[in-house]
Structure formats: C-alpha cells, structure tokens
Amino acid sequence: MDSPSTATTNGGGAAHDLSQVLHALQAIYDPASSNDTRRHASEYLEQAKQHPEAPSYGHALALNRDQPAQLRHYGLSMLEYAIKYKWDDFTLDQGAIIRKYVLDLTQNVVEEDPVYLRNKIAQLWTEIAKRSWADDWLDMDQQLCELWHLSVPHLDLVLYILETLSEEIFNREDPTAGLRGSDLGRAMVEIFTPVAVLAEHLPSRDKGPDVRHGEEGWLKRLCNNLDWCLTQDVQNQDRIRSSAVRTMNALRASMSWVMPKAIVQVQVVEACCKALAVPVVPLQQASVEVLQSIYGRHHLQDSDRDEMFAPMLRPLSVGLLQDIYNWTLSDMNINDLNEPKYTLCKKLAELSNSLGVYVEQRSTHISTGSDLQGLFNLLYDVLRNPSLIVSIPSLHCWTKLLRSRSVRDSEIVTSKLGGLLSTCCERLVRYEAFPDDSDDVTVLFLNEDIDTVPERHAFLGNYRRFCVEVIELLVRRMPVDAMEHILGQASTTFQALYSDGLVFQPQHFSKHSTPVLRADAQVTVIDAALKGYLRWIAAQGENPQEDDQTRLQMENSLEQWCRQILQSRFDDPEVAKKVIQLMSTFATKALPNRPAFALTFLEHMLTVKLDDCPDLPPYSEAVKDLDRVCSLEMQKLAMKFPDDFMNVYDKLERKINEINSLPATDDRQRMAFQAFLLIIVHRSTALDQATRENRLKQMLQQVKDAWQNDQLTKSISSFQSFCGLLGMEHLPEFLSSNSFKDVQDWSGQALNADGQALQAAILERSQQLPLRLTKTLLAASIEKLRDGTSAYETAAVLWADAIPTILPNILQLVSHAQAFNDIEASWGHLPPELQQVVHRVLTDRFWQAGISTESRDDFFSRVNGSKSTFEGFASSVRGTVRQIRESSYYIIYSLTRFRDFFYGISDLPGPLSQALFRHAHALSAHHLSVLLSVSTHLIEGCPANLRPGFLPQIIDGLFREMGQKISAEWDLVTRQVEESGANDDLTDEMKTESILRQLTFSSVSLVAVMLDARQESARQQDGTAQQDPPMCDFVLSTPSVLETMLLFCASMMRVRDTRSVVVILRVVRSLIPRFRDKSPIRDYFCDTILKNAITSLHEPYFVDCQKDLASLIAAIIHLDDEMPRGILLSLPGMGDVDRVDRRLHRLKTANRNDDRLQRSIVLDLLSSVRGVGIHEQGKIERAKPKKKTAFQEQYMSVDQPATIVRGTSPALAGIADMFGNV
C-alpha cells in the first residue's frame, strides 16, 4: 500500500476484485442462495479484508455513489479491519494514508447518503483517533472545526464523533482507548474546555502536544449550536429537531468528565432548561438526560456542586419542572398511554430525586433564592403518582430528606407529613398478590413497566421498604400523633374487613383475598410504626421526665389497643395469623415491661382456636399454619418473660397437659408445648442452678432414650433395613405391580386402596423417628442465645451428654436418605425401565416465581388435589426421605452451636464427611443447596484451634462434590438449550437453571469468605467466634485444602453464570500476590487458571466478565516470565513472536496500579486470537438493552434467591425454613 490511489491505478486487477466482492455480496443477500454459497461468499469477503490493497479498495468502493449501499458499507468495513487489526504494522506514512482516506470520505458525505453509512464513516474517524490523535495526528480539532461549518450532514458527523470519543475514552471500558487513556483524556479536556476556564483553573496543567483549535472549545460550540436550533422552528422541522437532540447527546456524553467550572461558565444547565421549555418530547428527554449526567457525578468539590445545582433550584427552573410534570400527567391514561410523554415523566421523577438528594446533603448551603417549597411540592406530587415506577425516586428521596433534621423540621416539610404518612400507608398493600386481570391502575402500570415477575417482586419489595422507612421516620418525629392515626386507621380496617354485611366462609378461603390483603397492609404499617416508636424510645434523654411521661402514656395506649384487638374474633385463619404475629411484636418489643399483657396474650393463644375442616384443604392447612405460628410466638414470649411465666408455671403445665390430651392435638403441637415449657425452665433466673439442671435433664431424657433405642439402631444399620423402617422395603414391587411405568400422567391416575394404605403407613412410620422431637428441643435450647451466657453454658453441658448418643444414628440416617436418591448405588439392581420409574418418583414438583406458568395458588391447588394419585404417592415417598435428610441436617447444624463439645470429637470428621458427601452427587441442585447451607455452618462454626483436625475432610468432600456436580449440571443445561427447537417449552430447563445459578453463587460466595480475609466479616458467627483468626490463614497453610479449593475455583471460571464467575475471578486474583515464589500452586495459576481465563475471554457469553478476566490474565502474566508466554504463543493467531513480546514488555513495564491500562494491554495482546477483537465479539453477541434506565435498575435488581416452592405435603418443611425459627 503505497498511496491512496492504488485502487484506481491497478487497472484490471482491481476491477476483477471489485467484481468478485459485488458478486459475493449479492450471493449473501439473494434469498435463492444456498447455505453453502452464502458460507463461501462470507469466507471470500473476510479474506478480501486481509488483502494488502484492501484499504484502498475499500476507500474507492465507499466513495463511489454509483455502487449499492451494501457494497459501499463493505468498503468501509475493509478500512475498519485495517484500522483495528493492522494499525500497529503500518508505518507513519501508511497510517497517514489511511487517515487521509477517512478524512476524504468524511468531507464527501452528503445528505442523500444513508445514515448508517455516515455513522460508519464517523466510527472509522474515532477508531483512528483512539490510535493516533495527540500523537502523530495533531490537527484533528482543526479538521473537526472545518467540518462543523460545511453542512448539516457534516455537523451531524462531528456530533457523532464527539459523542463517541467521550463515551469510549471516559465512559466505557474501551480497550483501545484504554491503551492511551491519559493522553486521550488530556486532549479531550483541552479541546472541550474554553481557554479562559483552563487559564483560570488549570494554569499549570500538563498540556501535552498542541491539539487545540480556537479559544471557545467544543462545550461552548455545542451550547451555541443548541441555542441556534432553539431559535429555529425546532417543533416542526425534523432536521433541526434531530440536530438539537444530537447536540444534547454529545453534551450528555461529556458531562461525566468535563470540568465543573466549564459547565458553570458555559451555562450548560441554563441551556438545558431552555431546551426543556420547548414542548418537543425527544428534546425534553435529551435535556433531562444531560441534567442527570451532570447531577449524577461523584467525587466533586462541594463548591462545584453548589454552583451546578443553583440554576436548577431557582424558581423559574423548579416551576418549569412542575409545569412539564403536570403536562405529562394529561396523557397518563393507562388504557391509552402516550409512551414518549410517560417516559419523560419517569425521567423527570429521577431528576427531582437528584435535586432532593442534593438538598438533603447540602441543606445548610443552599443558595439564596432557591425555591425549596416548589421542589418539595414537586417531590410530593411525584410521590403520589399512580405509577410506582414514577413514584419510587421521590419516595426514596423522602426517606433521605426526613433524616435531615433541618429539612424535616422546616415548616414546608412539616405541612406535608400527614400526606406523606397517608400515602405510604395506602401503598403498603401487596400489589403482587392482585389477580392478573385486576383493573387497579397501579397494578396496570406495574404490568406495563416491569416485564418479569422476579423483577416486579424485587421492585415492590424495595417500594415497600421505602414506605416502611418513611412511616418509621414519621413516627419517630411525632410518635403520639402518628401512632394514634395509624392505630385508629387499623381499628377501623379490622372492624370492617368484610363489607356489605358479609362474613367469612371457610369454603371461600384464599390466602390473597381482599380482606387478607387489607389486614396484611395494616399489619405492615403498624410494624413500621413500631420500629419508629422503638427508635424514639432509644433516642430519649434530652428531657427525661417529659419523655418518661410520654412513653408511659403511649405504653398505656398501645396496651389498651392490643387488648381491644384481642377481644375481636377473626375467623379467617390467615388474618388471625397476622394479628397473632403483630400482638407478639407488641408484647416482646413495644411492651417488654408489661408481663400482664404477655400473660393475657398467652392465654388468648392457648384458648382461642379455629375449627378445622379437613374437607377444605386450603382452609385446613391455614388453620394448621395458625397453630404452628401460635406455638412459635408462645416460645418467643417464653424467651422474653421466663421469670413471669415461671410464676404461673404449674398452671401453664396443667393447661398444656389438658390441651395435649385432646384428640385434635397432633404430635407437632405436643412437641412445641414441650419446647415452650423447656424454654421457661431453661431461661428463668427464679430457679437455682441445680433445680434447673435437674428439670432440664428430665425433659431431655426422652431424646436420649429415643436415640439409644437398640431397635432404632438395628433398623437403620443398612439401606435395606432403612427402607423397611419406612415401610418401603417392597417399593419396587409396588411400582411394578401397579404399572407406574405405563402411566404417562401420574396426577390423573387414582391410587388404589392398597396404595393409599402404603402411603399412609410411610408417613406414619417416618413420624416415629425422634427427629422432630430432637429438632424442636434443640431449637428451644439455643434460639437467641449468645455464646458464653449462663443459659448457653447450661445447654451446652446438657446436650454434650447426648451428642455421642445422637450422632451415630443421625449420620446413618443422612447417609441412607441421600443414598435413596442414588439410582446407581441403591436401585441399580432393578431393570432399566423400573429405574426410570424410581427416578421419576424422586423428581420434585416445584413452583418458581417468574418461571412457572401457573400461579402459586393454582400450583398448590393442583398438588393438594393429587394426593390420592400416583403423583401424590410419589410425592409422599420423596417428601418423607427429604424430610428425614433435612431434619438430620438441622440437628447437625444445631449441635455445632456447642462448639468444642461437637468439634472436639476426635473421630467425627471422617464419618461425617462420608455421610454428607458420599452420595451427594445424586441430589438435585435445590437439595444440594440445603447440604451447602449445613456445610457452611460446619465450616464457619469450627473453632480455630480445632480447624486442622476437623475441617480438611469436610472441605475436601464438599468442594470435590460441588465442583463435579455444578460443572456437570451446567454442561447438561447448556446441552439441553442447544439441542432445543425454537418452539420447545423450556420451562423445566429454566427452573433448573435458575436453581443452579443460586447454588453456584452460594458455593462461590463461601469460597470468597474462606479465601479472602477482607470478606471475613461476612461470616455468620456470633460471640467469641468472631475473634478467631481469618479462615484464609488456615486454608493457605493447609496444602490439601487449598488444592481442593483451587480445583473448584478453576471449574467455576467456566460456568454460565456471570455473577458467580466475577466473584471467583476476584477471589483468585486476590490470591496471586501470595504465590510469587516458584511452587506447584504458582504453576497451576500460570497454566490451568490462565488457560481457563483465556478460553472464557474469547467466548461471547463472558463479555460481562471481560474486565475481571483481563485483570486476572494480567496478574498471572506478571507472576512468571516463561509459562504464560509459552501458552500465549501456542494460541491460534499468536504466531508473531515479536508482536507478542512487544506487548508483554509493555504490560510488564506499565503502571501496575492502573487497572484499566493493564486490562487494555491484555485485550490488545489477545485481539488477534481467531482474528477478531475480544471486545468486538461481546458487542456482536450482547443482547439489546432493556427498556429501563440504570436509575430504574437499582430498584429492580434481583439479588435474593429465586422463590422456589416444592410440591409436597405442606406439612413437610422446605428449604426456606431449614435454618430459621423452629
């Protein structure tokens, strides 16, 4: 390539090549072409880009307006390839020729050229600028200025170039720009900022090469152009309107980095307000985006913030925002929504939030003349918008404003407190429980704004949280008036739950009925109010006498209200449950010094019962749930008032014995009552230690006796005897004789009498195991007890005597319950078709929010309706085994609370690891998540001095099984998706993948805690355990443990879950500085870890991990001179040794603290692998952006685990409550 005219001087050769390119493009676009023809044409076109004369050919093609647009575009792509992938091989003269080609194309654009061609030319300009501007290309600014005055198309090109340069140099992680970040950044500041601002505020700056043309700078030129557009007929002329919007876009891109003093001097905010006043929605949206870009900046000096916010707080500006907001409301009919105006309304809400947050942060430095009353009126109006998406920025802002005393106590805000309280109380209803066909306006807006159920639930959870915060703050601000209003409102609601004279009918029971939702909203409001009340109590002290009098007055009022509520009867078990939970909160938190009320409440729970109706399963289950809640709340009361309850212990014991003698009382309730009495004895200070210990020993003797039973030990000595214990020794024969394999729809096949008898026997036999009794009394012994307290020490000593008795049989139960799911080990002797039936029996039904196609209620209804079918029988079998497994897990977890008494058992780690992990591979992902939870407690609870003897076998078993299982499951999910057809129903695969993501993330999170000392605070420990040395010290000093965990880390780098991969990459990178010396570990980093990182870097799926992958690769290259280099040279497209060595040298000599530069060098180094830039792959594959802004994203992020509900008998506990209150 000697000159730009090569394409026209090569005569026939060039014409021949041009002809082939045209034919190849025609073949690609011709519908009649075969796939092979298209493939060959594509290969030819890709090869043509690599031809030495490709840039000159491309220039000629793109310049020739006689050619079809797609051919001209291909010509530009030939130039693009040369710029992106050959630039470093060009001499300065050759680079200048390429630059001349692009300048030539830029100067020759006309309005008739398609927009995508003009944009492509502008992209080529920016690609060259990133590589040579402010180096050997110094007159770019002058050339841009010359183009600026040529024509409207040229002006648009300049706007595109300026916007793109701002984005890629400052706002995006562009690797090419990152290589020259400081030089390019300095040059951008130079050409954008007016000379006067630079002279005044940066007089001694490092100027670098002289790249500037003119004194005004692009910031001023952009504002001048915007001002010119606004003087024209911008409302009716598309060209003018488009130019104005493009100008705003260029301004927006620069606002995140341009000097604040320049923004103020050029009066960018005022220019935006002028544009905002023009009733052209696209222009108004662009204006708000510029303002948000200004006000979203961080790390600014206070004086700069004050100067930039001042113009927006002036009365004219605030009035303008209010007028535009009111204007958008005129078209907010959800049934005929004006989308552009609605979008503008949402953006205005976000802008008002920014202004309000500034006022809260700088409340004592607001400039004189600011219209705060107008701003607060706007924020109040936005809060009350029927669209919660519009409302939430304002609501969030009020949670901050009300925390500022100077704002909260101002007359302007005080006048709005009542309205704020009413609005937040009204909006605490659970909108997600409304039916899909609801005509509620708020629900309709939610359906319009948020596509997925998980995001909707996350958003509503945040909205409710902010409402609760506002209520809490308002009660703290005016406790007497606010509580009086809230409790009065609640009384009215509870008295009129059923309107029009209707009464509750059990046959019409629904967990999400209107009365239930109304009661739930009131309970949520009161809970929030109580938080505020308790904070007010905690903050007392300025006026002790007055505060005590007010507190006494309020306690009297609260107790009176509670007693009034207890006198009411609630026949709906769901409402009754919420009232019981609310009363418990009052008794234990708001009225802790009112034991008389606690006793009244206890008596209420013991005496007021709802009649069960077994013929109505939903209602019957709700009644049972109410009884369970009463049992839990009784135990909470016992923990709070043990001495007061001890005073009436004999009466309580008699009453409980009376209830236990009733036929309607089941074993679960009896055990709960036992736990209640144990808590009183255990925690009362009214008993002397000897008496207490004697009574507790008597209570716990039942547990020891149950586990010492020789018959039990014999019954679980083998897998076959375990099955016999549960009545399932002949399960295969039953499945075979009843032809389960021949039935497609198990839910539709009724179970015969023998089957129902076997089903009942299985459930009955499982209840004879001492698991529930042990769980219940263990929970009562340790719940809410801190290590080191007298009650804790008493419990530890008493249970220490039982641990050797319990553990052997518990480990056997865990092993057998896991082996039950191991088809190969436990059922491999069966014929293949019967193995398939057993596998199906063990496959859970579960409902998952956002994925399942039916509602939660419909799912439960379907499950409850199939209890006497083949599917119901299968559910009983797997549910029974799972209950045994998870109850055993809980017992093991509880025993870890006794620390040395558990971890000090010398021969425990081996059998425990075998029991927990030998058959773990057979468990599904959501079963493994429970095993991971108990394993996490096992690991994190181990005292530091016992770690070397206890943890190695546990950690090895856990991470070995987790690594193999998670990798295999991801391979399976990926294969299923790849093999699926376009119309296949992938609901089951989506549910599996969602659960797998949670398991994967939980696993890598545990690794992060164990290997990164900075995350040690995340360990869920209490008491003295927090004083233990960091876990990472133990792991790093124990080679066998570290090896297992690094193998796990390497496998997790390849899973298809971005969040998990990012965590593991950061953990691995944090370890690298510890292994600078030659060792097998360092070699593992430089080989396996490096290969995995490079492989992931070149896969489009991992584009969002690119920054972390590149940083890890850079850190590994710094570890060793030879191994990484050898691996890099072995990669396809990396055969140019000199090129690789040049970049390796640059990486090793560059500033290691400049992460962006390090990443950019790595991405540049690896750009030739497979002939395409890594970052370009990501751009190709990245999904289209969603229709919500980053501001909205913060309220919809789904960080919590997916909601999973399994289809088993509701009496069987699921994952969610495994380690909660028991």
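Residues numbered from 1 in each chain as written. Predicted model: local features only at pLDDT ≥ 70, side-chain atom pairs only at ≥ 80, totals over all residues. Heavy atoms only, no water.

**A word on the overall build of the protein**
Then, number 1: A count of helices and strands for the protein gives 63 helices and 2 strands.
Then, number 2: Taken over C-alpha atoms, the radius of gyration comes to 35 Å for the protein, in line with the 33 Å a tight globule of 1222 residues would show.
Then, number 3: Structurally, the protein occupies a C-alpha span of about 105 × 75 × 60 Å along its principal axes.
Then, number 4: Counting only residues that meet the buried cut, the protein has 55% of its 1222 residues in that class. (Helix = DSSP H or I, 4+ residues; strand = E, 2+ residues; numbered from the N terminus. Rg over C-alpha atoms; globule rule 2.2 N^0.38 Å. Buried < 20%, exposed > 50% of the residue type's maximum accessible area, 1.4 Å probe, protein only.)

**Observations concerning the packing of helix α58 (residues 1106-1119) against helix α60 (residues 1137-1149)**
Then, number 1: Where α58 contacts α60, the axes come no closer than 10 Å and their chain directions differ by 90 degrees. Considered as vectors, α58 and α60 are oriented roughly perpendicular to each other. Counting all contacts with α58, which are made through A1114, I1117 and H1118, the residues of α60 involved are L1144, L1147 and K1148.
Then, number 2: Residues that form the contact of α58 with α60 fall into these classes: 4 nonpolar, 1 polar and 1 charged. (Axes fitted to C-alpha atoms, helices over the stretch in contact; angles between N-to-C directions. Parallel < 35°, antiparallel > 145°, perpendicular 65-115°, else oblique. Contact = heavy atoms within 4.5 Å. Nonpolar A, V, L, I, M, F, W, Y, C, P; charged D, E, K, R; others polar.)

**Quick word on the environment of L383**
Then, number 1: As for its position among the elements, L383 is in helix α21 (residues 372-383).
Then, number 2: For the pair formed by L383 and D742, sequence separation is 359 residues and the distance between their alpha carbons is 60 Å.
Then, number 3: Apart from the residues within four sequence positions on either side, L383 is in contact with S391, S394, L395, W398, L420, T423, R427 and Y463.

**Things to note about empty space enclosed by the protein**
Then, number 1: Taken as a whole, this structure holds 9 cavities of 30 Å³ or more when the rule is applied.
Then, number 2: Taken as a whole, the largest cavity holds about 170 Å³ of empty space.
Then, number 3: Where the lining of the largest cavity is concerned, the elements lending two or more residues are α30 (544-566), α31 (573-590), α32 (595-607) and α33 (617-640).
Then, number 4: Looking at the lining of the largest cavity residue by residue, the class counts come to 11 nonpolar, 2 polar and 3 charged. (1 Å grid on protein atoms, 1.4 Å probe; cavity = no way out; pocket = protein on both sides within 12 Å on 5 of 7 lines; lining within 4 Å. Points joined across faces, edges and corners; volume = space filled by probe spheres on them.)

**Section: the confidence of the model for the protein**
Then, number 1: Residues of the protein with pLDDT of at least 70 account for 90%, and the chain-wide mean is 88.
Then, number 2: Across residues 1-16, confidence stays below pLDDT 50; counting only partners more than four residues off in sequence or on other chains, it has 22 contacts.
Then, number 3: Low confidence marks residues 1170-1186, where pLDDT is under 50. Its contacts with residues over four positions away, or in another chain, come to 29 contacts. (pLDDT = per-residue confidence, 0-100.)

**Observations regarding the UniProt feature "domain: Importin N-terminal" (unreviewed entry) in the protein**
Then, number 1: As recorded in UniProt, the sites labelled "domain: Importin N-terminal" (unreviewed entry) are residues 41-108.
Then, number 2: Counting secondary structure, residues 41-108 comes out at 78% helix and 0% strand; the distance between its end C-alpha atoms is 30 Å. (UniProt positions renumbered as here; feature names shortened; annotations may be inferred.)

**Structural notes on the pattern of salt bridges**
Two side chains of opposite charge can pair, provided their charged atoms sit close to one another.
Then, number 1: Inspection of every chain in the model, using the stated rule, returns 72 salt bridges.
Then, number 2: Here R186 and D183 are joined by a salt bridge, their closest N and O atoms 3.3 Å apart. Taken together, the residues R186 and D183, both in helix α11 (residues 181-192) and 3 residues apart, mark about one turn of the helix.
Then, number 3: Since its relative accessible area comes to 26%, R186 is described here as partly exposed.
Then, number 4: Among the salt bridges present, the one from E270 reaches R314, with a minimum N-O distance of 3.6 Å. In this pair, E270 sits in helix α16 (residues 268-276) while R314 sits in the loop between α18 (302-309) and α19 (315-329), placing the two residues 44 residues apart along the sequence.
Then, number 5: On the basis of relative accessible area, E270 is assigned to the partly exposed category, the value being 23%.
Then, number 6: Relative accessible area serves as the criterion here: at 41%, R314 is assigned to the partly exposed category.
Then, number 7: Each of E127, K130, R131, E168, R172 and D174 takes part in one network of salt bridges that share partners. (Salt bridge = Lys/Arg side-chain N within 4 Å of Asp/Glu carboxyl O.)

**Some thoughts on helix α17 (residues 281-295)**
Then, number 1: In this model, α17 (15 residues) spans 21 Å end to end at C-alpha, consistent with the 21 Å of a helix rising 1.5 Å per residue.
Then, number 2: With 13 of its 15 residues buried, α17 lies for the most part within the structure. (Expected span 1.5 Å × (residues − 1).)

**Points about the packing of aromatic side chains**
Then, number 1: Scanning the model with the defined rule gives 38 aromatic pairs in all.
Then, number 2: With a centroid separation of 5.8 Å and an interplanar angle of 80 degrees, the aromatic rings of F719 and W827 are classed as edge-to-face. Placement of F719 in helix α39 (residues 719-725) and of W827 in helix α45 (residues 823-827) is noted, with a sequence separation of 108 residues between them. As far as the burial class goes, F719 and W827 line up, both buried.
Then, number 3: Clustering of aromatic rings is evident, with ring pairs tying together F734, F740, W746, F870 and F873.
Then, number 4: A cation sits over an aromatic face here: K341 above W327, 4.0 Å from the ring centre.
Then, number 5: Taking the ring centre of Y380 as reference, the NZ or CZ of K416 above it sits at 4.9 Å. (Phe/Tyr/Trp six-rings, centres within 6.5 Å; stacked < 30°, edge-to-face > 60°. Lys NZ or Arg CZ within 6 Å of the ring centre and 35° of its normal.)

**Re the packing of helix α9 (residues 152-171) against helix α13 (residues 217-231)**
Then, number 1: In contact at an axis separation of 13 Å, α9 and α13 are set at 135 degrees when each is read in the N-to-C sense. In terms of axis orientation, α9 runs oblique to α13. Where α9 crosses over α13, the two elements pack in a sense that is left-handed. Along its contact with α9, which presents L155, V158, L159 and L162, the element α13 presents W218, L222 and N225.
Then, number 2: When grouped by side-chain class, the residues that make up the contact of α9 with α13 number 6 nonpolar, 1 polar and no charged. (Left-handed = near helix turned anticlockwise from the far one by under 90°.)

**Thoughts on the state of the cysteines**
Then, number 1: Evaluated as defined, the whole model comprises 0 disulfides.
Then, number 2: There is no disulfide at C562, and the cysteine sulfur nearest it, in C630, is 15 Å away. (Disulfide = S-S within 2.5 Å.)

**Overview of the side chain of S354**
Then, number 1: Among the secondary structure elements, S354 is positioned in helix α20 (residues 339-361).
Then, number 2: Looking at S354, the relative accessible area reads 12%, which means it is buried.
Then, number 3: Reaching out from S354, the side chain makes a polar contact with the side chain of Q292 at a distance of 2.7 Å.
Then, number 4: Discounting residues that sit within four places of it in the chain, S354 has contacts with Q292, Y295 and F309. (Polar contact = N/O pair within 3.5 Å; in protein donor to acceptor, adjacent residues only side chain to side chain.)

**Brief notes about helix α42 (residues 771-782)**
Then, number 1: Given a rise of 1.5 Å per residue, 12 residues ought to cover 16 Å, and the 17 Å separating the end C-alpha atoms of α42 matches this to within 8%.
Then, number 2: Counting buried positions over the 12 residues of α42 gives 12, a clear majority of the element.
Then, number 3: Restricting attention to buried positions, one finds in α42 the residues L771, R772, L773, T774, K775, T776, L777, L778, A779, A780, S781 and I782.
Then, number 4: Against the buried residues of α42 lie α36 (667-683), α37 (689-707), α41 (753-767), α43 (790-800), α44 (803-819) and α48 (870-896).

**A look at the environment of Q495**
Then, number 1: Position of Q495 among the secondary structure elements: in helix α28 (residues 479-495).
Then, number 2: Between the C-alpha atom of Q495 and that of R99, which follows or precedes it by 396 residues, the distance is 80 Å.

**Some points on unusual backbone geometry**
The phi torsion of most residues other than glycine is negative, and most of the peptide bonds are trans.
Then, number 1: Phi is positive for Q267, close to 65 degrees, though the residue is something other than glycine.
Then, number 2: The exposure class assigned to Q267 is partly exposed, which follows from its relative accessible area of 44%.

**Notes on the side chain of S77**
Then, number 1: Inspection of the secondary structure assignment puts S77 in helix α5 (residues 69-86).
Then, number 2: Among the residues examined, S77 registers a relative accessible area of 10% and is labelled buried.
Then, number 3: Within the structure, S77 has its side chain in polar contact with the backbone oxygen of Y74 (distance 2.6 Å).

**Here's the deal with a positive patch on the surface**
Then, number 1: On the surface, K531, K589, K640 and K784 cluster together into a patch of positive charge.
Then, number 2: Among the structural elements, K784 can be located in the loop between α42 and α43. (Patch = residues over 30% accessible without salt bridge, like charges linked within 9 Å, V, L, I, M, F, W, Y side chains within 5 Å. Areas by Shrake-Rupley, 256 points an atom, 1.4 Å probe, with all protein chains shown as cover. Lys, Arg positive; Asp, Glu negative; His and termini not counted. Charge placed at Lys NZ, Arg CZ, Asp CG, Glu CD.)

**Notes on the environment of Q143**
Then, number 1: Considering the arrangement of structural elements, one finds Q143 in helix α8 (residues 140-148).
Then, number 2: Judged by relative accessible area, which is 14%, Q143 ranks as buried.
Then, number 3: For the pair Q143 and M583, spaced 440 residues apart in sequence, the C-alpha separation works out to 76 Å.
Then, number 4: Those residues in contact with Q143 that sit more than four places away from it in its chain are L103, W125 and W137.

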